[in-house]
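Coordinate analysis (summary)
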Amino acid sequence: MERTIDCTGLACPLPVLKTKEALEEIEEGIITVIVDNKAARENIKRFAQKQGCTVDVEEKDGLFYVKVIKGYTCEIPQPEEEKEKTGNYAVLIASTHVGEDRELGEILIKGFIKTFLNADPLPKGIVLINTAVKLACKGGDKEILEALKELQKKGVEIICCGTCLNYFNILDDLEVGIASNAYDVVQFLANADSVVRL
């Protein structure tokens, strides 16, 4: 079975939700999802791969054709890199600083993120939304970037709001973590035992 879904012009998380619905309707087959931005392309690709599908992407005339193949795969499973044990709590950060005083808040956010490197257990993931996505991008604070990279190496998921990255026009500047969508963020937070908000 082959099917095409046109998701051009749709806001996050609709392209992922439409892909999810289409995948749920078939046992096997090929679904081609057409989107017009990189964030949607990456969100669909990542979502489909998490569902065990094979994904191929073609760019043509400013549009992305994301071909999702369900039902078989030719990939050889690779052994996973051993990571440190993480807890089932998520950290949600919505700004480049903590609290009302910006100068103090920028010192605090750096301190908190670096301190998570020594948390026991480590957080399951850190979700960056609104201006906080700038912390994971080129041009951001170098110490914070290094701490986020180290946390990712230790097995902590770094999830950045794709809509926010697009809004600030910094999607291509992302240096650590993944550009995600509202559906994945909500699912991630909902599946955590608790959420720490900074």
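Our subject is the structure that appears above.
Residues numbered from 1 in each chain as written. Predicted model: local features only at pLDDT ≥ 70, side-chain atom pairs only at ≥ 80, totals over all residues. Heavy atoms only, no water.

This paragraph deals with the sheet that holds strand β6 (residues 125–128). Across the sheet, which stays open at both edges, the 5 strands sit in the order β8-β7-β6-β5-β9 with parallel pairing between neighbours. Strand pairing shows two members of the sheet lacking a second neighbour, β8 (178–180) and β9 (194–197), which therefore form its edges. Pairs of neighbouring strands in the sheet enclose a mean axial angle of 30°, with direction left out of account. Where strand β7 (residues 157–161) meets β8, 3 bridges bridge the pair, whose relative direction is parallel. In the strand pairing of β8, Cys-160 is matched with Ala-179. (Pairing = 2+ DSSP bridges. Helix = DSSP H or I, 4+ residues; strand = E, 2+ residues; numbered from the N terminus. Axes fitted to C-alpha atoms, helices over the stretch in contact; angles between N-to-C directions.)

This part takes up the packing of helix α3 (residues 102–115) against helix α4 (residues 142–153). Between two packed helices, what matters for the description is the angle formed by their axes and the separation of those axes. Put simply, α3 and α4 touch, their axes get as near as 9 Å, and they point 25° apart. When the axis of α3 is compared with that of α4, the two are roughly parallel. Both α3 and α4 take part in a crossing whose hand is left-handed. Residue-level contacts link Ile-109, Lys-110, Ile-113 and Lys-114 of α3 to Glu-143, Ile-144, Ala-147, Leu-148 and Leu-151 of α4. A class-by-class count of the residues in the contact of α3 with α4 yields 6 nonpolar, no polar and 3 charged. (Parallel < 35°, antiparallel > 145°, perpendicular 65-115°, else oblique. Left-handed = near helix turned anticlockwise from the far one by under 90°. Contact = heavy atoms within 4.5 Å. Nonpolar A, V, L, I, M, F, W, Y, C, P; charged D, E, K, R; others polar.)

On to the pairing of strand β4 (residues 63–70), then. Alignment of strand β2 (residues 29–35) against β4, held across 7 bridges, turns out to be antiparallel. Across the sheet, the residue bridging to Ile-34 is Tyr-65, located in β4. The sheet contact formed by strand β3 (residues 54–60) and β4 spans 7 bridges and is antiparallel. Counterpart to Val-57 in the pairing with β4 is Val-66. Taken together, β3 and the strand that follows it, β4, pair antiparallel across an intervening segment of 2 residues, in which Asp-61 is found at a positive phi of about 55°.

In short, the description is geometric, and any link to function would need to be established separately.
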